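In case you want the letters, here they are:
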Amino acid sequence: MINPFWVIIDLKKARVVNQNKKFNKIIYDGFLSKKNFYGAAAILKKLNDGLIEVYRDQFGIHQVFYSFQKNNIHISTTIDGLKKSGVKLDFCIKKNITFVTSHYRYFVHPSNSSYYQNVFSLMPGQKLIIRKNSFNLKKYINIKVNRKVKKSFEQLGKEYLKIIEDSIIEKLELKKKSIFALSSGMDSSTLVSIAKKLIGNPKVFTTVFEERTDHDESTDVMKTSKSLGLKLYKIPIKERKVFDELEDFSHDADEPCATITQLMHKMVSAKIKKLGFNLIFSGLGGDEAHSGEIEEYLYYFADLKYLKMSKKLSEDMVGWKKYHSTKIYPKNKKTLDSFFKKEIDFKQQGKVLLNIDRFYSYIHVLNNEIDVSKINEPILRNPYKSYLLNKIYQDLFHETIPIVLNAETSNARNTKVSNVYPYLNHDVMNFSFSLPIEYRYKNGVTKHFLREITKNIVPDSSRKNYFKKGWNAPTDKWFKNTFKDKVLDMINSQDVRNRGIYDLKAIKNILSQHIKNKQNHMMFLWQFLSYETWRYNKKN
C-alpha cells in the first residue's frame, strides 16, 4: 500500500520547511541497493542541508507530483496532498482535449504533465534533484540491453524462471493475504504455476460478465485452474453497477479513468477485499516482458525487415495471419506495408514514428474556435536500435502501463487492497530486453520463449492457447443501453455547455452512429464520459 505524503522545500536553501506527519515513515536512505523498491510511493533522500533528492520508482508504480509556489517546491504522492500543502488547483485544458479526442496511449504525454495547470509529475525511474537555488530532473535507472548473450536456450530458460521466482518470493515476503489474478494467457498462468510450486495452494480469481462477450476467457481459465488443482474465485461484474463505480472512482482519483478496464479493477478489488484478501498478484508487464501485445508484432517485423531476415519474416507472417487476423483487423502484407510507411523510419535503425491518425482520431469533436495547433504532439523516445524494443519501451514508460498503474494505485487507496507486479521488475526487464530476437516469436506464436521454458510447469490450456483474447468488458453494448442516457445527460449539462470546448452536435452524431451499429465508438464515448464525470466531481 502506498504511503501518501506531502512536503514543502525551500528552493533557495534546499531545506524542508514543512511536511505532514506520514512523511518520515517513507524515508529510506539505502534504497538504491534495492533495485525494485515498491513499499513507498516515493523516496525523499536528504543528502545534506544543500542537497535533497526525490525519487520515483523505476516503473512508476506510484506517482509523485510537484508544483512550484513562489520560492518553494511542493511535493506529494497525490494531488490531494498537494492541495493540503497549499497548492491551488486549476484544470489543464490541453490534457482535457487530449484525453477526450485522442487515444489512451497518448494520455501520459507530454512527459511530466498532469491534469492540472502548473502541477507536474515525475516520470518512472526519474529523480528530482534540489540544490540551493537550482533543481533538475534526471533518469537514475534504465533498462540495460546485453547484446552479447552467449548462453543456450535451456540455460537462459532456467535463468529466467529463477528471476521470476525471486520476484514472486520478494512480494510474498510482504506476508499479506494474497490472491492471484488468472486469465487464459501465459503471463498470469506462469505466475500462478510458479506460486503453486512455492506455496502449494495459491488462491486465484477471474472476472466474469453477465453478458456473453467475444472475449470470454472463463472456460479456458477454468481448465487451467482445474489442471493446477486450485480453487477459482469468480468475480462477477454487473452493468448496472458500473456508472456508480465511475462516480466513486472520480472522487478519489488524481486523473480520469483511462479505460473501463481500470474501473473494473476497482470493482474487483472491492470484492476481493470482502473475500478477505488484501494483496493482488497481477500479470501486468508480462506482455512487455514477453512481447505479447498484438501491435508489437508489427515492430518485430520491422526489425526482421531491417536486419534482412526475410525467411523468418515470411514464416512468421503465415502464423500472424492464422492466429491473429480478424475481419476488423486483417493481418496481411497490405496491412504491414501500410504500417511501415506510416510508423517506421527505416533510415534510422529502431526509430518508430507517431501514429498521427490515432493521435488526432476525434479532433473533429472540438469547437471550431479551439486552436488545435497548440496541442503538443507526443515525442517518441527511441533509445534502442530495435523497433520492437523501442515500442515496448514506449508502452512501459509512456503509453499503456502508466495509465493502468495510475488507476490501480488510486484503486488501492480506495479499497485498501494492494497490487504487486512481479514482471515490473528490474531484473525481469533487463533479461527480456537482452533476449535474442529469434526467441521472441515462432511461426506466428507470441511469447515463444516463455511457452517453451514452462513445459511441465504451465498447463497446456494456457501454454498452447495461441489466440489472444484480452480481458475486455462488453462496453460497446453498454453504450447502447445503460450508458447512453449518461452520455446524453453529460452533453446537455450546463458545465459542458458553458466551457464551449466541444462541438456537441458532433458528439451526438457519434453516439447515434454507435447506437445504430454504424461504427463502434465505445472508446471515444468512454473517454468523454469518464473525463467529464471526473472533472465534475473534482470541481464540486
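Residues numbered from 1 in each chain as written. Predicted model: local features only at pLDDT ≥ 70, side-chain atom pairs only at ≥ 80, totals over all residues. Heavy atoms only, no water.

1. Describing the packing of aromatic side chains
Okay, step 1: Within this structure, the stated rule accounts for 46 aromatic pairs.
Okay, step 2: Here the aromatic rings of F431 and F449 are separated by 6.0 Å at their centres, their planes lie at 35 degrees, and the arrangement is tilted. Of this pair, F431 sits in helix α15 (residues 426-434) while F449 sits in helix α16 (residues 448-453); the two residues are 18 residues apart in sequence, bridging distant segments of the chain. Across the pair, exposure class does not vary: F431 and F449 are buried alike.
Okay, step 3: Each residue in the set F91, F99, F107, Y115, Y116, Y531 and W534 is aromatic and connected to the rest through ring pairs, giving one cluster.
Okay, step 4: Over the face of the ring belonging to Y115 we find K95, whose NZ or CZ atom lies 4.8 Å from the ring centre.
Okay, step 5: The lysine or arginine in question, K305, covers the ring of F346, its NZ or CZ lying 5.6 Å from the ring centre. (Phe/Tyr/Trp six-rings, centres within 6.5 Å; stacked < 30°, edge-to-face > 60°. Helix = DSSP H or I, 4+ residues; strand = E, 2+ residues; numbered from the N terminus. Buried < 20%, exposed > 50% of the residue type's maximum accessible area, 1.4 Å probe, protein only. Lys NZ or Arg CZ within 6 Å of the ring centre and 35° of its normal.)

2. Structural notes on the packing of helix α6 (residues 239-252) against helix α7 (residues 260-274)
Okay, step 1: The contact between α6 and α7 brings their axes to 10 Å, and the two run at 90 degrees. By the angle class used here, α6 and α7 are roughly perpendicular. Taken together, the residues of α7 that come into contact with α6 (itself represented by K241, V242, E245, L246, D248 and F249) are I260, L263, M264, K266 and M267.
Okay, step 2: Partitioning the contact of α6 with α7 into residue classes produces seven nonpolar, no polar and four charged. (Axes fitted to C-alpha atoms, helices over the stretch in contact; angles between N-to-C directions. Parallel < 35°, antiparallel > 145°, perpendicular 65-115°, else oblique. Contact = heavy atoms within 4.5 Å. Nonpolar A, V, L, I, M, F, W, Y, C, P; charged D, E, K, R; others polar.)

3. Some thoughts on the pattern of salt bridges
Okay, step 1: Tallied over the entire structure, the rule returns 29 salt bridges.
Okay, step 2: Its salt-bridge partner being K333, residue D337 comes within 2.7 Å of it at the nearest N-O pair. One end of the pair, D337, and the other, K333, are both in helix α11 (residues 333-343), four residues apart, so they sit about a helical turn from each other.
Okay, step 3: Residues joined in a network through salt bridges with shared partners are R105, E295, R358, K391, D395 and E399. (Salt bridge = Lys/Arg side-chain N within 4 Å of Asp/Glu carboxyl O.)

4. Brief notes about the side chain of S269
Okay, step 1: Within the secondary structure, S269 sits in helix α7.
Okay, step 2: For S269, a relative accessible area of 0% puts it in the buried group.
Okay, step 3: Separated by 2.8 Å, the side chain of S269 and the backbone oxygen of H265 make a polar contact.
Okay, step 4: Beyond its immediate sequence surroundings of up to four residues, S269 is in contact with I280, T415 and V417. (Polar contact = N/O pair within 3.5 Å; in protein donor to acceptor, adjacent residues only side chain to side chain.)

5. Here we look at helix α4 (residues 186-199)
Okay, step 1: Between its first and last C-alpha atoms α4 spans 20 Å; for 14 residues at 1.5 Å apiece the expected length is 20 Å, and the two agree.
Okay, step 2: Positioned one or two residues after α4, G200 has a phi angle of 90 degrees, which is positive. (Expected span 1.5 Å × (residues − 1).)

6. Structural notes on the environment of E315
Okay, step 1: As for its position among the elements, E315 is in helix α10 (residues 310-324).
Okay, step 2: Residue E315 is classed as partly exposed on the basis of its relative accessible area of 36%.
Okay, step 3: Residues E315 and N443 lie 128 residues apart in sequence; the distance between their C-alpha atoms is 5.7 Å.

7. A closer look at the sheet that holds strand β11 (residues 204-209)
Okay, step 1: Taken in spatial order, the five strands line up as β12-β11-β10-β13-β16 in an open sheet, and their pairing is parallel. Every other strand in the sheet has two partners, leaving β12 (232-237) and β16 (418-420) as the edge strands with one partner each. For this sheet, the mean angle separating the axes of adjacent strands, direction not counted, is 35 degrees.
Okay, step 2: Bridge count between β11 and β12: six bridges; the pairing is parallel. Across the sheet, residue V208 finds its bridge partner in β12, namely P236.
Okay, step 3: Running over the sheet, helix α5 (residues 218-228) touches β11 and β12 and is turned about 160 degrees from β12. (Pairing = 2+ DSSP bridges.)

8. With respect to the pairing of strand β6 (residues 72-76)
When a strand is regular, its side chains alternate between the sheet's two faces.
Okay, step 1: Counting buried positions along β6 gives four out of five residues, so the element sits mostly inside the fold.
Okay, step 2: Relative to β6, strand β1 (residues 6-10) runs antiparallel, the two sharing five bridges. Within β6, the position partnered with D10 by the bridge is N72.
Okay, step 3: Alignment of strand β5 (residues 65-69) against β6, held across five bridges, turns out to be antiparallel. Residue pairing for β6: F65 is matched across the bridge by S76.
Okay, step 4: Hairpin connection of β5 to β6: two residues between the antiparallel strands, including K70 at a positive phi of 55 degrees.

9. Describing the sheet that holds β5
Okay, step 1: The strand order across the open sheet formed by five strands is β2-β1-β6-β5-β7, and the pairing between neighbours is antiparallel. On the outer flanks of this sheet lie β2 (15-19) and β7 (120-121), each paired with one strand and no other.

10. Considerations on empty space enclosed by the protein
Okay, step 1: Going through the model one piece at a time under the given rule, you end up with four cavities of 30 Å³ or more.
Okay, step 2: Q63, V108, S113, E255 and N406 are the residues nearest the centre of the largest cavity, which is lined by 23 residues in total.
Okay, step 3: If you tally residues by element for the lining of the largest cavity, the top one is helix α14 (residues 400-415), at four residues.
Okay, step 4: Residues belonging to the lining of the largest cavity are distributed by class as follows: 12 nonpolar, seven polar and four charged. (1 Å grid on protein atoms, 1.4 Å probe; cavity = no way out; pocket = protein on both sides within 12 Å on 5 of 7 lines; lining within 4 Å. Points joined across faces, edges and corners; volume = space filled by probe spheres on them.)

11. Here we look at the nonpolar core
Okay, step 1: Core analysis: the largest hydrophobic core is formed by 136 residues, its most contacted members being Y160, M264 and F301.
Okay, step 2: Setting aside chain neighbours within four positions, we find F301 in contact with L313, D316, M317, W320, L336 and F340.
Okay, step 3: Membership of the second largest hydrophobic core comes to 14 residues, among which are F5, V54, I73 and L128. (Core = buried A, V, L, I, M, F, W, Y, C linked by side-chain atoms within 4.5 Å.)

12. Description of the environment of D489
Okay, step 1: Structurally, D489 is set in helix α19 (residues 482-491).
Okay, step 2: Residue D489 is classed as exposed on the basis of its relative accessible area, which comes to 53%.
Okay, step 3: With 40 residues separating them in the primary sequence, D489 and L529 have C-alpha atoms 9.7 Å apart.

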